[in-house]
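Observations on the model geometry
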Amino acid sequence: MKNNSLQNWDIIITPNKGWFDISIKELWRFRGLLWMQVKRDFVNFYKQTILGPLWFFIQPLLSTIVFTIIFNKVAKIPTDELPPILFYMSGIIGWNYFSDCLTHTSGTFKKFAVIFGRVYFPRIIIPSGKVISGIIKFCIQLVLFLGFYFYYIIIGNQEINPSYILLFLLPVMIIQIAILGQGIGLILSSLTTKYRDLEHLISFGIQLIMYASPIVYPLSSVPDQYRNYIIANPMTPIIEGFRYIFLGVGQFSIMMYFYSLFVSIIIFIFGTLIFYRVEKNFIDSV
């Protein structure tokens, strides 16, 4: 009789029992909630603003102009003989997506604690929605980059020698940025439920990682004794690979990229596992 009554329920919620107790079927069942959140995040970005969606273009454009003036004109940092606009923007748009994924994901438990305590749904949907909505912003900013890119090609800039044979790696790199940012963000979100001090270090840490990535300087300008430390940063092969594909410059190798991809996958898996582990009882400590 008891078994028959259980079979009449559409959804049966049971506690996670182990580290690897992750239900893909359950995530698929809540896919409507995921897409609803993606739509909400995208609309809320420019809602009640004067310039609206133009902010997607303004932010990387202003950052590129500032980097060009400060790092190229004043500090005289080389750009591998590329137009500074292309050099800096090629690094900024990828870094912005990584930074957004990490920042928005790292505050999941704290920002949504009230909702998590009242309604049941797979908690991973919240950070996943942030990452997916960020892809839309990345693609819009990529269009801006391509506008300048084709302009310099049309005027005959001789320094641009794209490697279109590696263009198939571009979607892989975008997904890699997403899982790397989300993986680190999930780890930080899980740790901040117990160690609140980490909240103050996130923005500072992101800034440090940015300067440890070849965004405002080319990898070729890094002294040999420090180059391995910069390459150890998994974002370095992504940025160098993006420039190598479109601009034909940068110290890019397949082995270096596979290292970055492997590290990104490991971080994402570890972040997901620890996120599912912490969600069981985080409500008692937030």
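Everything numeric here is computed off the predicted structure, so don't read it as measured data.

Rules used throughout
- Residues numbered from 1 in each chain as written.
- Predicted model: local features only at pLDDT ≥ 70, side-chain atom pairs only at ≥ 80, totals over all residues.
- Heavy atoms only, no water.
- Helix = DSSP H or I, 4+ residues; strand = E, 2+ residues; numbered from the N terminus.
- Contact = heavy atoms within 4.5 Å.
- Areas by Shrake-Rupley, 256 points an atom, 1.4 Å probe, with all protein chains shown as cover.
- Expected span 1.5 Å × (residues − 1).
- Bend = angle between axes of the 7 residues up to and from the residue.
- Buried < 20%, exposed > 50% of the residue type's maximum accessible area, 1.4 Å probe, protein only.
- Axes fitted to C-alpha atoms, helices over the stretch in contact; angles between N-to-C directions.
- Parallel < 35°, antiparallel > 145°, perpendicular 65-115°, else oblique.
- Nonpolar A, V, L, I, M, F, W, Y, C, P; charged D, E, K, R; others polar.
- Phe/Tyr/Trp six-rings, centres within 6.5 Å; stacked < 30°, edge-to-face > 60°.
- Core = buried A, V, L, I, M, F, W, Y, C linked by side-chain atoms within 4.5 Å.
- Salt bridge = Lys/Arg side-chain N within 4 Å of Asp/Glu carboxyl O.

Let's shift gears to the overall build of the protein. Looking only at helices and strands, the protein has 13 helices and zero strands in total. Walking the protein from its N terminus toward its C terminus, one meets helices and strands in the order α-α-α-α-α-α-α-α-α-α-α-α-α. Contacts spanning at least 24 positions in sequence make up 79% of the contacts within the protein whose residues lie at least 6 apart. When the accessible surface of the protein is split by element, carbon and sulfur atoms take 67% of a total near 15,800 Å².

With that out of the way, let us pick up helix H4 (residues 55-74). Counting along an α-helix, one turn takes 3.6 residues, and residues three or four places apart therefore face a common direction. Compared with the 28 Å implied by 1.5 Å per residue over 20 residues, the 27 Å span of H4 between its first and last C-alpha is a close match. Of all the bends in H4, the greatest measures close to 25° and is centred on Thr68. All of the buried residues in H4 are Phe56, Pro60, Ser63, Thr64, Phe67, Thr68, Phe71 and Asn72. Just downstream of H4 lies Lys76, where phi reads positive at about 60°.

This paragraph deals with the packing of helix H5 (residues 84-106) against helix H8 (residues 125-154). At their nearest, the axes of H5 and H8 sit 9 Å apart, and the two run at 175° to each other. Between H5 and H8, the angle is such that the two are roughly antiparallel. In terms of residue class, the contact of H5 with H8 is built from 16 nonpolar, seven polar and three charged.

Our focus in this paragraph is helix H12 (residues 235-247). Look at H12: 18 Å from first C-alpha to last across 13 residues, which is about the 18 Å you get at 1.5 Å a residue. Every buried residue belonging to H12 is among Met235, Thr236, Pro237, Ile238, Ile239, Glu240, Gly241, Phe242, Arg243, Ile245, Phe246 and Leu247, and all of these are buried. Buried residues along H12 sit against H5, H8, helix H9 (169-192), helix H11 (224-232) and helix H13 (254-278). Just downstream of H12 lies Gly248, where phi reads positive at about 75°.

Another point: the packing of aromatic side chains. Scanning the entire structure with this criterion turns up 16 aromatic pairs. Arranged with centres 5.6 Å apart and planes meeting at 85°, the rings of Tyr149 and Phe246 form a pair that is edge-to-face. With Tyr149 in helix H8 and Phe246 in helix H12, this pair connects stretches of sequence that are 97 residues apart. The residues Tyr149 and Phe246 share a single accessibility class, namely buried.

Before going further, it helps to spend a moment on the nonpolar core. Grouped together as the largest cluster of nonpolar side chains are 68 residues, with contacts concentrated most on Phe67, Tyr97, Phe145, Ile215, Phe246 and Leu247. If you list the elements that add at least two residues to this core, you get H4, H5, H8, H9, helix H10 (198-211), H11, H12 and H13. Top contributing element to this core by residue count: H5, with 11 residues. Ignoring sequence-local partners within four residues, the contact set of Tyr97 consists of Val131, Gly134, Ile135, Phe138, Ile174, Ile177 and Ala178.

This paragraph deals with the environment of Phe112. Following the sequence through the fold, Phe112 ends up in the loop between helix H6 (108-111) and helix H7 (113-116). The class for Phe112 is buried, based on a relative accessible area of 11%. Separated by 11 residues in sequence, Phe112 and Arg123 have C-alpha atoms that sit 9.3 Å apart. With residues near it in sequence (within four places) discarded, Phe112 still touches Ile126 and Lys130.

Across all of its chains, the model carries three salt bridges by this definition. Across the salt bridge formed by Asp100 and Lys137, the nearest N and O atoms sit 3.0 Å from each other. Taken together, the residues span a long stretch of sequence, with Asp100 in helix H5 and Lys137 in helix H8 at a distance of 37 residues. Overall, the relative accessible area of 14% leaves Lys137 in the buried class.

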